[in-house]
Structures are given as C-alpha cells and as structure tokens.
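Structural description and commentary
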Amino acid sequence: MAKSKTQFVCQNCGTVHNRWAGKCDGCGEWNTIIEDDMMGGIGGGPGKVPKKGRAVALTTLSGETEEAPRIFTGISELDRATGGGFVRGSAVLVGGDPGIGKSTLLMQAAAALSRRGHRIIYVSGEEAVAQVRLRAQRLDAADTEVLLAAETNVEDILATIGEGKRPDLVIIDSIQTLWSDTADSAPGTVTQVRTGVQAMIRFAKQTGAAMVLVGHVTKEGQIAGPRVVEHMVDAVLYFEGDRGHHYRILRTVKNRFGPTDEIGVFEMSDKGLREVTNPSELFLGERNSKSPGAAVFAGMEGTRPVLVEVQALVAPTSLGTPRRAVVGWDSSRLSMILAVLEAHCGVKLGQHDVYLNVAGGYRITEPAADLAVASALVSSLAGLALPADCVYFGEISLSGAVRPVSQTAQRLKEAEKLGFAGAMLPATSAEVPKGVNGRWVTIEDLPDLVSRIAGSAAKLRQTPEDD
Ligand code: TYD
Ligand code: MG
C-alpha cells in the first residue's frame, strides 16, 4: 500500500503546490489553494506501487478506420456545434455560467433523442426529481421516455447507469456535484471533480455510450471549474450569452471528432431554447442605419457567416484622460485602431471619449472586424452616416495597411443574401467570387478608408436612393 500524500491544489487552475500559500503562483488568484489528497480516484493516480509493464503491439498510421458513429438530436444548431451529433463512446463537456441554460438545452436534447428511440439517462445532481420534472413539463418533454435520477455519488451513478440495457447517452448535470468514496477530499474540489469525470469517461469508453458532462464556470475559483477537466474529454462546448439578451451561443472550443470554432445559435423563450438558423437576421434585427457610427461587419464563425452591427460613439471629453469603453470586442485592439487612426490618418482622438458596442450583446473574436470598427469610429467622429447597405471586413496592421482575411466569398454571399449591395474589403483579397455582384470597393489602407467614408457619406446625404 502506498502512503497517502497530501498536496495543495489551486482550485482555480489546478496548479499543485508543496505547501499552502495565500496566492497561487500559477494563476495569481487569492485564497484558492486547499489541501487535497492526490492519492484517491478510481483511476488510481500517482503513488501506486509500480508494477512491471506489459508491452503493447505497435502499429502503423495506415490501416482500417471507421467513421465515428454518431447520434443525431435533430436540433440542427446543436448537431452543428458537436460536429454532426454526439459520438458514441466519447465524452463532451458543456460549460457555461450558472443560469445560462445548460440544463434546459440538455433536457431538450434528451427529449429529442428519446423521441428518436434512443435510451437516455439524465442524472441531476443539482435539482431534485420534482424540479427536473417541472422543467420537462415546461419544455414539452415530459411525455418522452428519458430516464431520470437525482444522484451525486460516483459509484452509485455508475451502478445505476451500468444496470440493464446500455444507454445511448448519459447526461451528468453537473460535474461539480460529483463525489466519490475513493477520493478523500471534499466534494467540489479538483480531485473529486477529476475523479468523477475520469470514472464517467471510462464508462463511456467501455460501454460505447455517449457521455455529456455539464460544468459551471466559476470566476471565484472556490469550486473546481470545467477548465481542470478540459484536457480529459473529447469535446468541449461553451454555452454563452448575455443575460440582458435572450439569445445564446453554443461554441465549440475543442473537438476530437470535428471542427472547432463552430457555433450553434439559440434564443431563450418561455418554452425553452429555440434554434436560430439565420443569426445575422437576429443581430441586425433592430438596426437604425440612419445614424452615424454604425457599420455592419461581415464576420465568420467557423464555417458560418454572421453579419453583426458595430456601433461607435466618439464624443468630446471633459476628463483629463478620455474614456475608452468596449462591449463585445477586445479593448486592446480598439486602442490599436485608435493609435493607427491618429498616426496615419491624422484623426485626433486624444480629446474624445470613445465607446464601442457590438449590437445584440454578441462578442466578436476575429481581427477581421478592424475595418468595420475603424469605419464606425470615423463615421461617428465625422457625424456622417455610412451607407445602409454596405458591409465591412479586413484586418488593419500597425502600418495602416488593410490586410486580407479568409473566406471572402462566404462573407460576400451572406451580405448579398441579406440585401447588402456594397462591401468595403481588403485590396489584396482573392478575387470576388462569381455569382456575387455588388459594389465591392477594395481598400488599400486606412487613409483610403477615411477619404472614402467622407466621400460616400456626403454622396449618400445628397441622393439617398441612387448610387
Ligand atoms: P438552466 O437551464 O437552469 O441554466 P443552467 O443549467 O445553465 O444553470 O436555465 C436557467 C434560466 O433559463 C432560468 O433563469 C430560466 C430560464 N428559462 C427560460 O427562460 N425558459 C425556459 O423554458 C426554461 C426552462 C428556463
Ligand atoms: Mg443547471
């Protein structure tokens, strides 16, 4: 028997320390380190008595392969995010802030799969059976054959789901509530969560059931977050959204069986989550194209184009240090664009507050939004509205040049589909695809953009209808 060894583990990032400290060296968080027993766990763990290894047969890269067998939910936005359905024998982690709608989404998925004749087990560790039933009623899922259990003990869960016919899909809601007899530390600690997740993954691999694990993202770091198990699972999906808005995005951040960067878009209603098959229409829904400072960005999310409005407000400041506030974009990127505008275009913003907002509570991650941001800023500063039917995309370099971005064709096609007749895009973009015919204006550099905005906006004000 190996001796039990205690270590001190940061509950935020999982860094192991030899002794307790107030601040974690790994992530810089305070009061996140607790004493933890690293010995426990169904998988054994470090400290086991070493045994003599057994040689396994080495093989080659070529040979028999099969496509991963998948089960489709029929909820196309969910299937898109998972890369075409849940894979049998794999584990998927669905992370997100508490209250964002993870349980709702998974209950709807469970009901959809059950209606297709799959055996689904939903294990709730957070809510009592009655609560889950109430939710199922609201979601019109109560008439399905989804099997339900309210349990948190890992061994009991394994015994339950291992009994009878093999389930096609098991949902564990959530991993933070799992606890195992074999790990000595308190429930909710990194060790307990890892032990539980490891056991669930092993069950999936052994039986071929698909395993869906729900994890809350916790900022305080007091409870082990999904990040500490991200490396163990086959796919990681994050469910995000702004509480002030009712749409939600399921974002793929890791997928061993499909593409990442895919998104599924949903809208929260009183009857649960509804699919949004055309996100651009949602984000452009309440657009006021007559006012200055608004530019439509033609973006991409994985393989899907998304059009979204970027809004800027540039106003004279009364403060010594002007304000820069950003919602939905990277603030250091905004500073960069402001610096490039000042340095290369003579646009003076030192005496102005700058506010930038991405409409609908959406978050842009692409640098391709640079051109749309710059256009919105210039438009607001000059008080000139941009043409209502024009989209913008392109990356801006520190020299002021507008650099090409990928997937020009898809962006333009989406813009055309939604009635945008014009686009401003990088000059060096690959040729504009056939079948797309609009007023595509190529931009060399930022000074070029500034002069064109001044020109086109002036023209627009004189003759709004013709071009
Ligand atoms: P929930 O799925 O419980 O969140 P999570 O599991 O991520 O913690 O969803 C919680 C929120 O969703 C709650 O504030 C109520 C709202 N909601 C609706 O608006 N409509 C619905 O039909 C349901 C079931 C929930
Ligand atoms: Mg929940």
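I will try to describe carefully the structure that is included in this document. The structure displayed is predicted, hence computed values, not measured ones. (Residues numbered from 1 in each chain as written. Chains lettered and ligands numbered in written order. Predicted model: local features only at pLDDT ≥ 70, side-chain atom pairs only at ≥ 80, totals over all residues. Heavy atoms only, no water.)

1. Digging into the packing of helix α7 (residues 331–345) against helix α8 (residues 370–382)
Rule in force here: Under this scheme, a helix contributes an axis fitted over its contacting stretch, all axes are lines through C-alpha atoms, and angles between N-to-C directions fall in the 0 to 180 degree range. Helix numbers and strand numbers start at the N terminus; a helix is a DSSP run of H or I with at least 4 residues, a strand a run of E with at least 2. Here the word oblique covers every angle except those under 35 degrees (roughly parallel), over 145 (roughly antiparallel) and from 65 to 115 (roughly perpendicular). The sense of a crossing depends on the near helix, which, turned anticlockwise from the far helix by less than a right angle, makes the crossing left-handed and, turned clockwise, makes it right-handed. By definition, residues are in contact when any of their heavy atoms lie within 4.5 Å.
At their nearest, the axes of α7 and α8 sit 10 Å apart, and the two run at 60 degrees to each other. In this view, α7 runs oblique relative to α8, as classed from their interaxial angle. You can see that α7 and α8 cross each other, and the crossing is right-handed. Taken together, the residues of α8 that come into contact with α7 (itself represented by Arg-333, Leu-334, Met-336, Ile-337, Leu-338 and Leu-341) are Asp-370, Val-373, Ala-374, Leu-377 and Val-378.

2. Let's talk about the sheet that holds strand β8 (residues 147–150)
What counts here: Here the rule is simple: two strands pair whenever DSSP picks up at least two bridges between them.
Pairing is mixed across the open sheet formed by 9 strands, whose spatial order is β8-β7-β9-β10-β6-β11-β12-β13-β14. Taken across any chain shown, the strands that pair with only one partner, and hence form the sheet edges, are β8 and β14 (272–275). Sheet twist, expressed as the mean angle between neighbouring strand axes with direction ignored, is 25 degrees. For strand β9 (residues 169–173) and strand β10 (residues 210–216), the ladder comprises 5 bridges, and the chain directions are parallel. For Leu-169, the partnering residue across the bridge sits in β10 and is Ala-210.

3. A short note on the pairing of strand β1 (residues 6–10)
Condition: Think of it in three bands: with a 1.4 Å probe and only protein chains considered, a residue is buried below 20% of the maximum accessible area for its type, exposed above 50%, and partly exposed in between.
Burial of β1 is extensive: 4 of the 5 residues sit out of reach of the surface. Examined bridge by bridge, β1 and strand β2 (residues 16–17) share 2 bridges and lie antiparallel to one another. If you follow Phe-8 over to β2, its bridge partner there is His-17. What sits between β1 and β2 in their antiparallel hairpin is a turn of 5 residues, with Gly-14 showing a positive phi close to 90 degrees.

4. Some details on the site of ligand 1
Threshold: Near is defined per residue: the residue qualifies when any heavy atom it owns lies within 4 Å of the molecule or strand. Counted as a polar contact is a pair of N or O atoms within 3.5 Å, where, for protein atoms, one must be capable of donating a hydrogen and the other of accepting one, and residues adjacent in sequence contribute only when both atoms are in side chains. Surface exposure here means Shrake-Rupley accessible area, sampled with a 1.4 Å probe, where a residue is shielded only by the protein chains that are shown.
Among the 17 residues in the neighbourhood of ligand 1, the closest are listed as Gly-99, Ser-103, Thr-104, Arg-135 and Ser-269. With respect to ligand 1, the side chain of Ser-103 contributes an N or O atom lying 2.6 Å from an oxygen atom. Separating an oxygen atom of ligand 1 from a side-chain N or O atom of Thr-104 is a distance of 2.6 Å. Isolated, ligand 1 exposes 560 Å² of accessible area, and the fraction of that covered by the protein chains is 74%. Contributions of two or more residues to the shell around ligand 1 are made by α2 (102–115), α3 (129–138) and β13 (263–269).

5. Overview of unusual backbone geometry
Cis peptide bonds are those with omega within 30 degrees of zero, and the linkage from Asp-173 to Ser-174 qualifies with 5 degrees. Looking at the secondary structure, you find Ser-174 in the loop between β9 and α5 (190–207). Even without a glycine there, the phi angle at Asp-140 is positive, about 60 degrees. Here Asp-140 shows up in the loop between α3 and β8. Of note, the phi angle at Gln-407 is positive, near 55 degrees, even though the residue is not glycine. Along the chain, Gln-407 turns up in the loop between β21 (402–403) and α9 (408–417). Exposure remark for Gln-407: the relative accessible area of 29% places this residue in the partly exposed category.

6. Digging into the pairing of strand β18 (residues 352–358)
Of all the 7 residues making up β18, 5 are buried; the element is thus mostly covered by neighbouring parts of the structure. The sheet contact formed by strand β16 (residues 304–316) and β18 spans 7 bridges and is antiparallel. Bridge pairing in β18 links Val-310 to Val-358. Bridge count between strand β17 (residues 324–327) and β18: 4 bridges; the pairing is parallel.

7. Quick look at α3
Put simply, the rule is: Picture the helix axis, draw a direction to every C-beta atom, and the arc is the one those directions span.
Among the residues making up α3, those that are buried are Val-132, Arg-135 and Ala-136. Projected down its long axis, α3 carries its buried residues within an arc of 100 degrees, all on one side. Opposite the packed face of α3, turned more than 90 degrees from it, sit the exposed residues Ala-130, Arg-133, Leu-134, Gln-137 and Arg-138. Buried residues along α3 sit against α2, β7 (120–124) and β8.

8. What to know about the pattern of salt bridges
Quick note on the threshold: One speaks of a salt bridge when a side-chain nitrogen belonging to Lys or Arg is within 4 Å of a carboxyl oxygen belonging to Asp or Glu.
In total, this model carries 18 salt bridges according to the counting rule given. Between Asp-143 and Arg-115 there is a salt bridge, with its nearest N and O atoms 3.3 Å apart. Taken together, the residues span a long stretch of sequence, with Asp-143 in the loop between α3 and β8 and Arg-115 in helix α2 at a distance of 28 residues. Neither Asp-143 nor Arg-115 differs from the other in exposure class; each is exposed. Lys-205 is paired through a salt bridge with Asp-234; the nearest N and O atoms lie 3.2 Å apart. On the criterion of sequence distance, the pair formed by Lys-205 in helix α5 and Asp-234 in the loop between β10 and β11 (235–240) is long-range, its members being 29 residues apart. For Lys-205, a relative accessible area of 47% gives the class partly exposed.

9. Regarding the sheet that holds strand β23 (residues 439–443)
Overall, mixed pairing links the 7 strands, which are arranged β17-β18-β16-β15-β19-β22-β23 in an open sheet. Among the strands making up the open sheet, the edge pair consists of β17 and β23. Strand-to-strand twist in this sheet, taken as the mean axis angle between neighbours without regard to direction, amounts to 25 degrees. With 3 bridges connecting them, strand β19 (residues 390–392) and strand β22 (residues 422–426) associate as parallel partners. Residue pairing across strands places Tyr-392 opposite Met-424, the latter belonging to β22. Sheet strands in contact with α8 are β15 (294–301), β16, β18, β19, β22 and β23, and its direction is about 35 degrees off that of β16. The strands touched by α9 within the sheet are β15, β16, β19, β22 and β23, with β15 carrying the most contacts at an inclination of about 130 degrees.

Any link to function would need more than the numbers given here.
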